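Fold and contact review
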Amino acid sequence: MYISLLISTLTLLFPLGQTSLPLVINTWPFKNATAAAWNTLQSGGSVLDAVETGCARCEMEQCDGSVGYGGSPDESGETTLDAMIMNGDTMEVGAVADLRRIKNAIGVARVVMEHTDHTLLVGESASVFAENMGFIAEDLTTNKSVNIFSQWLKGNCQPNYRKNVFPDPSMSCGPYKPRATLKQEKRMAQHANARSHDTIGMVALDQDGHVAAGTSTNGLTHKVPGRVGDSPIVGAGAYADSSAGGAAATGDGDVMMRFLPSYLAVELMRAGADPSAACKTAISRIKRHYSEFFGAIICANTTGHYGAACNKVPGLSQFHYMVSNSESNTPLLKSVDCF
């Protein structure tokens, strides 16, 4: 009877399927990225190694065209990359934004963390830094990205992300100039579909509960050149603290970064919230102000519990993510209903 009572108690405290360490969890059905990170942990690599390897796999495979080279051209037709990696033990962060000519953005982010005292490098200077540190300069343009850009030009540059400018951005291309009088314009929600994932966000924990988190993306298609989304911003795109857990976000970065959802989720877990509840609260905070925003978040605490949440909008009623732990020992596709 005592043994039965003990098993029942342990089951309540640690539900099956959510208490196994090590753990890898990442946004969207990017199975190969999960497998790469999991194999790295299994072969003795650190959680930082796992996150870097997993995100780099997506960069190489151009996951859904929203990660890595050859996707999401900006208004000038150029693909630029954003990435971040965070060490939950030391709270060190390395990040790059508007990175050009370098395919391995997550690798550059880690070099920023480990070989400088800085946190974030941006633009052309970040690219020069990467080249000086041994990364190979390559053209990030592909036939696909050129075609996306040319079709956009033919369609009078629709959609775009300009407002309060002339000529009218809803029916013409620039160059634009500011309109003398500002008017409130309802922000159009980013359309959710199978190609709007825009980020891989990943959290890895080892057997001892050490946490790392990271992101990689090529940003928003047709963005204004120089635009930086939430992915490389600490606490927005991802956050890790080995005393609490880790989280990573995906979606409409221009909105989501205003609320630091990954930081909020980790702090809620620190206060005792279940990862699923922490994720849901972080999404709810944004939803109060932007009810139609496109976004989701994954969360994991240091005991191996994990969860996810997403905002329900047309095209996104369920959010899919990947998990691999010692119980599965292989990447498993998980889903959560949006609310």
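In the block above lies the structure referred to throughout.
Along every chain, residues carry numbers that run from 1 in the direction the sequence is written. Side-chain atom pairs in this predicted model are given and counted only at pLDDT of 80 or more, local residue features only at pLDDT of at least 70, and totals for whole chains, interfaces and linings cover all residues. To obtain the side-chain values, all non-hydrogen atoms of the structure were used and water was disregarded.

**Observations concerning the state of the cysteines**
Only a pair of cysteine sulfur atoms within 2.5 Å counts as a disulfide in this structure description. Summed over the entire model, instances satisfying the criterion amount to 4 disulfides. Two residues share a disulfide in this structure: Cys-58 and Cys-63, whose sulfurs sit 2.1 Å from each other. Judged by the torsion about the S-S bond (-95°), the Cys-58/Cys-63 disulfide is left-handed. Take Cys-58 and Cys-63: they sit in the same class, and that class is buried. Note on exposure labels: buried denotes an accessible area under 20% of the residue type's maximum, exposed denotes more than 50%, and partly exposed covers the range between, all computed with a 1.4 Å probe on protein chains only.

**Let's talk about the sheet that holds strand E14 (residues 332-337)**
With mixed pairing, 8 strands are arranged side by side in an open sheet as E4-E3-E2-E8-E7-E1-E13-E14. A single partner strand is all that each edge strand has here, and the edge strands are strand E4 (120-122) and E14. On average, each strand axis in the sheet is tilted by 15° relative to the strand beside it, whichever way the strands run. The sheet contact formed by strand E1 (residues 23-27) and strand E7 (residues 200-205) spans 4 bridges and is antiparallel. When the sheet's bridge partners are listed, Leu-23 is paired in E7 with Leu-205. In what follows, residue pairs with any heavy atoms lying within 4.5 Å of each other are defined as contacts. Fitted lines through C-alpha atoms give the axes, limited to the stretch in contact for helices. The angle between two N-to-C directions lies from 0 to 180 degrees. Numbering of helices and strands runs from the N terminus, with a helix taken as a DSSP run of H or I at least four residues long and a strand as a DSSP run of E at least two residues long. Where helix H2 (residues 31-42) meets the sheet, its contacts fall on E1, E7 and strand E13 (318-325), and the angle it forms with E1 comes to roughly 160°. Two strands qualify as a pair provided DSSP detects at least 2 bridges between them.

**Things to note about the pairing of E1**
Across the 5 residues that make up E1, a large majority, 5, are buried. Sheet topology note: the E1/E13 ladder contains 5 bridges and is antiparallel. Bridging from a neighbouring strand, Val-24 pairs with Ser-324 of E13.

**Quick look at the pattern of salt bridges**
By convention in these notes, a salt bridge is any Lys or Arg side-chain nitrogen within 4 Å of a carboxyl oxygen on Asp or Glu. Per the stated rule, a full pass over the model turns up 14 salt bridges. With a shortest N-O distance of 3.8 Å, Glu-78 and Arg-100 are connected by a salt bridge. Residue Glu-78 is found in the loop between helix H3 (47-61) and strand E2 (81-87), and its partner Arg-100 is found in the loop between strand E3 (93-99) and helix H4 (105-115); the two are separated by 22 residues along the sequence. Under the relative-accessibility criterion, Glu-78 is labelled partly exposed at 28%. Residue Glu-131 pairs with Arg-101 through a salt bridge whose shortest N-O separation is 2.7 Å. Of this pair, Glu-131 sits in helix H5 (residues 123-132) while Arg-101 is found in the loop between E3 and H4, placing the two residues 30 residues apart along the sequence. For Arg-101, a relative accessible area of 26% corresponds to the partly exposed category. Through salt bridges with shared partners, a single ionic network connects Glu-78, Asp-98, Arg-100, Arg-101, Glu-124 and Glu-131.

**Digging into the environment of Glu-75**
Here Glu-75 is to be found in the loop between H3 and E2. Here the alpha-carbon distance between Glu-75 and Asn-160, two residues 85 residues apart in the chain, equals 8.2 Å. Here Arg-162 takes part through its side chain, which lies 2.6 Å from a polar atom of the side chain of Glu-75. Polar contact is defined as a pair of N or O atoms within 3.5 Å, subject to the rule that within protein one atom must be able to donate a hydrogen and the other to accept it, and that residues adjacent in sequence are counted only when both atoms are side-chain atoms.

From the geometry alone we can't say anything about function, so treat these as descriptive.
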